[in-house]
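Below are the chains, spelled out letter by letter.
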Amino acid sequence: MHFKATYIAIATNISSQSQEISSPKTDNHETDNHYDHVSHTNSVALTIPQDTTSSLPKEFASPTSVDSKVQQLEQKTVELPIVLVYGSCLTHLAVFGILGILTRYLLQKLFGPGVAGVTSKLSILYPDLPSNMVGSFLMGWFGVVFKPSISHASDFLAVGLTTGYLGSLTTFSGWNQEMIELSFEGQWVSSMLGFLIGLFLVAYSIIFGVETAKGFKLLLGKILTKFPISNKTWRVDSCERHAVVMVLFLVMLCLVWSVSGIYVREEFREENGEAHLWLACIVGPLGVWMRWFLARLNGHGLGKAALLGWVPFGTLLANVSAACLMASLSTAKKAVNTKTCDTIVIGIQLGFLGCLSTVSTFIAEFNAMRESKHPWRAYAYAMITICISFALGILIYSVPVWTKGYK
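Residues numbered from 1 in each chain as written. Predicted model: local features only at pLDDT ≥ 70, side-chain atom pairs only at ≥ 80, totals over all residues. Heavy atoms only, no water.

Undergrad: Just to check I follow, could you spell out the overall build of the chain for this structure?
TA: Regarding its fold elements, the chain presents 16 helices and three strands. Every one of the 407 residues in the chain was classed for burial, and the buried ones make up 53%. Put simply, 80% of the contacts in the chain that link residues at least 6 apart link residues at least 24 apart. Total accessible area on the chain is roughly 17,900 Å²; 68% of this is exposed by carbon and sulfur atoms. (Helix = DSSP H or I, 4+ residues; strand = E, 2+ residues; numbered from the N terminus. Buried < 20%, exposed > 50% of the residue type's maximum accessible area, 1.4 Å probe, protein only. Contact = heavy atoms within 4.5 Å. Areas by Shrake-Rupley, 256 points an atom, 1.4 Å probe, with all protein chains shown as cover.)

Shown next, in the form of structure tokens:
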């Protein structure tokens, strides 16, 4: 079944605020009206004829608040089967999500005790801090400044880069669990400082990313005016091209899963094997997909009256649920205390929960609220996310471990 669709790819994490964030801070008229009616959706939102909405999920039919100029740039009219739309989204998200897991793991090793020695467990500089900072910085580039250009070439590429790669490169659940374990060791002040410093660093990472991307875009624009290059050839703007790209990504995903499955089996019994990393690559896409579907809750508020419509409940639910599951698995790991259990738990935490939660989306929403006419909402949103996740984590992890005396 084909449907005539005018679809808009929302630069999944902060697409709706791309124009506002990239504008100078002195232009208050652009930032002041931002988060009143914003709809953050980590998905491809489809504006389609009314008679076809009944056959589509809500996240495809949800409205957007993209700036009119950006919207004119991104709108393309094509005929796509609904299977192709879903297939392209899911395959892009999965492949880029796995790349995000691998990058996050490499950054953990690079800045960890074995190499640079900057980060460590039970420290304010937690192991996932570098990846959260890098992901937030890159969000300023590919999720704000260059997002319209990427969407102009391929809507699904924008989804893959922002929701898939950057959303999986950063993780909120790992950050929250490290602070819980710090408090469990009696370092409550360090735990609170870990949240404050972590929030400060990722917030300024995305600001720095936006500013540097603006400068690079200005320089690139001057170069292209002297040497114009047509990007029409590279634009994925037909059903055939979408199908080819989807098949390519599907083949890549099957290859990665096959290789990961082989390595999981070979290294599972080894003392210093990397079985947990390959297990993470297998289960990671499930977390990306779940976060993508939860994003339909963003911008809709509570009930028919849409109360608290400024709160991105999809992102909030993804981060809080991942933090709770992370704490539950950490408790199970303490209780069972076997190598097999450790490998499985670490793999799920690194892959599924690392991809289900995200800092890049969280901090992009925080930054957009901070630049709106209601900046207090940014700090309220951050406090709600952190306090709920931390409090539930204490109940799920610290209380059982304290009472049972697990080591």
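Undergrad: I tried to follow the pattern of salt bridges on my own but got confused; where do I start?
TA: Working definition: two side chains of opposite charge can pair if their charged atoms are close together. Scanning the entire structure with this criterion turns up three salt bridges. A salt bridge links Lys214 to Glu211; its shortest N-O distance comes to 3.8 Å. Of the two residues, Lys214 and Glu211 both sit in helix α10 (residues 188–226), three residues apart, roughly one turn of that helix. A salt bridge links Glu371 to Arg370; its shortest N-O distance comes to 3.8 Å. Residue classification places Glu371 among the buried residues on the basis of a relative accessible area of 13%. (Salt bridge = Lys/Arg side-chain N within 4 Å of Asp/Glu carboxyl O.)

Undergrad: Could you clarify how one ought to interpret helix α6 (residues 129–145) in this entry?
TA: Note on helix geometry: an α-helix contains 3.6 residues per turn, so any two residues three or four positions apart are oriented the same way. For α6, spanning 17 residues, the distance from its first C-alpha to its last is 23 Å, which sits close to the expected 24 Å at 1.5 Å a residue. The sharpest bend along α6 measures roughly 35° and falls at Met139. Within α6, 13 of the 17 residues are buried, which leaves it mostly tucked inside the rest of the structure. (Expected span 1.5 Å × (residues − 1). Bend = angle between axes of the 7 residues up to and from the residue.)

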